[in-house]
Amino acid sequence: MARYNNFFVREQVAPEEPYTFVLCEVPVQAIPYALGALENRANETTWIDKENWRIGRNLIRQIQVGLLMGEGTEAINRLYRLLDSIYRGREYTLVSETPLVIEPAIPAVPDATVNPGGLLDMVDKLPGVIDPGWFGLGGRKASLADLVAALRVGNSQSATGLWDQFQGILDSGSDLSNMGDLIQELFFNSVNTAEEGGIMALLAAGIVGNLAASTALDVKMTQMVFQMNRLINTLDGGGFAPEDNILKALRGTTPASAERNVIDAIGGGLTPEQIDQMIAALEQNSTDNTAIIAKLEAIRLELV
Amino acid sequence: MPLRHTVKVRFIFRDRSGNEASSHLYFPISTSVDDVFVAVNNAIPFYAAVSDALIVRVVAEYEYYFVGLPDPSITSDVKRTVLLFYRNEDSRIERISVPSPRVSIFETVGEYAGIRIDMSNPAIIQWANLTLGDLIIFKTKDGDTMGPDLLTGGLAI
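None of the values given here were measured: they were computed from a predicted structure.

Enquirer: If you had to explain the overall build of chain A to someone new, which residues and values would you point to?
Expert: Along its length, chain A carries twelve helices and six strands. The 304 residues of chain A split such that 12% are buried.

Structure representation (structure tokens):
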């Protein structure tokens, strides 16, 4: 049953908890009117009983304080301080809880100062500073591209020069042409378009270096075998034509046996003229047998 | 003309429909609170013998009139009020209302200029300190302790 007095209807029932909250925009210039209007509703005579008035009055007071203090604004301020601390490393101090005083005050325009310990400071220090004169870049902060380039131990320009050096080696071996094409693609396609391919190119270059060294060794050994074959052929014909060779010339018609070798026969049967012929034959067949020629020359001189 | 210092006691009656009405008795200003309520208890049976309505509340008011004062300032405006909001130990918010606030107690810069009280103003600090200590303990109408924290205040029209 509703109860009445002269001015107000005693029927207001306070809402029950839990409460939810919203942020809203209120023209600041209208706040005095809002405070006055709310104050009228905080009057005891509008509430159904004292307990509801007590609850409702406190809710109205919260709204009034919210209008004046900007609780939502303070919540945003707390977020600002949190972000400011994280990013710029600014330290805030609670000077007083009532009234709430926190220093430094939040400026109208964010202070660009970066303090030690902040995320921005850490990021700023992360790349370091390239010393002046280093690759001609000098005196500025290293970028991510600088770091990648440094890790690559080279860049696309040096890769071109490096490839030119490899090219001569690779051309000597046709069996390496496929590998060469692959590496060339790495250098001039991957590296030029994506610099991070440099590490792979470096590894490939190492492999090619090893292959090239093996190839050079193989060529050298082939040349040595060829020279040895020539020497053997000169000495005994190597089992092939021509039948005329040094050992036959030395041996003459005397065959070698278990008791007597060819050298013995040389000591007893060769004449200086024969030695001269042998030397001439050697000189004709090979220019690399100087040691043998020298030995024969010494024997000839002894005979003379 | 004698000064009208009195203790005003208001007996509030309520009828079966919830309507309220009051009857007033006055005592000398020198009467103590205990003596006032002794008198109230003595008077209630006499009211009951005369009225069918129930006495549901008794209000005693000590009224002291200041005399010989100058005229109010021409800038005074009792339609304007400053509300001073306190938070008490139970986290409830109460307020003290002061009519016709001085312009000087409000903030002078920012969006709240002229609307929100300046917490650094000496007059406001005085109010804040009043309830910080135990020098004076204010109570709300239903008995809650006012304060001790002065949160803020603002102009109400």
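Enquirer: Just give me the short version of the overall build of chain B, but keep the residues and values in it.
Expert: When helices and strands are counted, chain B shows two helices and six strands. Secondary structure of chain B in N-to-C order comes out as β-β-α-β-β-β-α-β. Looking at the 157 residues of chain B, the share that counts as buried comes to 20%. Of the contacts formed within chain B by residues at least 6 apart in sequence, a portion of 50% connects residues at least 24 apart.

Enquirer: Break down the pairing of strand 1 (residues 6–14) of chain B for me, with residues and values.
Expert: All names here are of chain B. Examined bridge by bridge, strand 1 and strand 2 (residues 20–28) share nine bridges and lie antiparallel to one another. Paired with R14 across the strands is E20, a residue of strand 2. Relative to strand 3 (residues 54–63), strand 1 is paired through nine bridges, and the arrangement is antiparallel. What sits directly across from T6, in strand 3, is E63.

Enquirer: Would you mind going over the sheet that holds strand 3 of chain B in detail, with residue names and values included?
Expert: Residue and element names in this part refer to chain B. Judged by pairing direction, the sheet is antiparallel, and its three strands sit side by side in the order 2-1-3 without closing on themselves. Of all strands in the sheet, those bounded by a partner on one side alone are strand 2 and strand 3. Strand-to-strand, the axes of this sheet are offset by a mean angle of 20°, without reference to chain direction.

Enquirer: Could you give an account of the confidence of the model for chain A, with specific residues and numbers?
Expert: In this model, chain A carries an average pLDDT of 73, and 59% of its residues clear a pLDDT of 70 or more. In the model, residues 190–195 of chain A has pLDDT below 50 throughout and makes 14 contacts with residues more than four positions away in sequence or in other chains.

Enquirer: Tell me what's going on with helix 2 (residues 50–69) of chain A, and back it up with residues and numbers.
Expert: The end-to-end C-alpha distance of helix 2 of chain A, which contains 20 residues, comes to 28 Å, matching closely the 28 Å that a straight helix rising 1.5 Å per residue would cover. By the burial criterion, the buried members of helix 2 of chain A are A:W53, A:G56, A:R57, A:I60, A:R61, A:Q64, A:V65, A:L67 and A:L68. Turning to helix 2 of chain A, the residues buried within the fold contact helix 1 (31–41) of chain A together with strand 4 (81–88), strand 5 (93–99) and strand 6 (148–156) of chain B. Trailing helix 2 of chain A by a residue or two, A:G70 shows a phi angle of about 65°, which is positive.

Enquirer: I'd like to hear about unusual backbone geometry, residue by residue, with values.
Expert: The residue after A:E17, namely A:P18, is reached through a cis peptide bond having omega 5°. By the secondary structure assignment, A:P18 is in the loop between strand 2 (9–10) and helix 1. Looking along the chain, the bond that leaves A:E103 and enters A:P104 is cis, with omega of -5°. Within the secondary structure layout, A:P104 lies in the loop between strand 4 (101–103) and helix 4 (119–125). One non-glycine residue, B:S91, lies in the positive phi region at around 60°. Within the secondary structure, B:S91 sits in the loop between strand 4 and strand 5. The backbone of B:S100 shows a phi angle near 50°, a positive value even though the residue is not glycine. Among the structural elements, B:S100 can be located in the loop between strand 5 and helix 2 (122–132).

Enquirer: So what about the sheet that holds strand 6 of chain B? Which residues, and what values?
Expert: The antiparallel open sheet is built from three strands, whose spatial order is 5-4-6 (chain B). Edge positions in the sheet fall to strand 5 and strand 6 of chain B, since each of these pairs with one other strand and no more. Strand-to-strand twist of the sheet, defined as the mean angle between neighbouring strand axes without regard to direction, takes the value 25°. Strands strand 4 and strand 6 of chain B of the sheet are contacted by helix 1 of chain A, whose axis makes an angle of about 110° with strand 6 of chain B.

Enquirer: Give a description of the interface of chain B and chain A that names residues and reports values.
Expert: Contacts between the two partners involve 22 residues from chain B and, on the opposite side, 21 residues from chain A. For the side of chain B that touches chain A, the secondary structure elements donating two or more residues are strand 4, strand 5 and strand 6 of chain B. Among the elements that line the side of chain B that touches chain A, the one with the most residues is strand 6 of chain B, at six residues.

Enquirer: Let's hear about the packing of helix 1 of chain A against helix 2 of chain A: which residues, and what values?
Expert: Residues and elements named next belong to chain A. Direction vectors running N to C along helix 1 and helix 2 enclose 170°, while the axes themselves pass 10 Å from each other. In terms of axis orientation, helix 1 runs roughly antiparallel to helix 2. Where helix 1 abuts helix 2, its residues I31, A34, L35, L38 and R41 lie against I60, I63, Q64, L67 and L68. Looking at the contact of helix 1 with helix 2 residue by residue, the classes come out as eight nonpolar, one polar and one charged.

Thresholds applied
Residues numbered from 1 in each chain as written. Chains lettered and ligands numbered in written order. Predicted model: local features only at pLDDT ≥ 70, side-chain atom pairs only at ≥ 80, totals over all residues. Helix = DSSP H or I, 4+ residues; strand = E, 2+ residues; numbered from the N terminus. Buried ≥ 20, exposed ≤ 12 C-beta atoms within 10 Å, placed from the backbone. Contact = placed C-beta atoms within 7 Å. Pairing = 2+ DSSP bridges. Axes fitted to C-alpha atoms, helices over the stretch in contact; angles between N-to-C directions. pLDDT = per-residue confidence, 0-100. Expected span 1.5 Å × (residues − 1). Parallel < 35°, antiparallel > 145°, perpendicular 65-115°, else oblique. Nonpolar A, V, L, I, M, F, W, Y, C, P; charged D, E, K, R; others polar.

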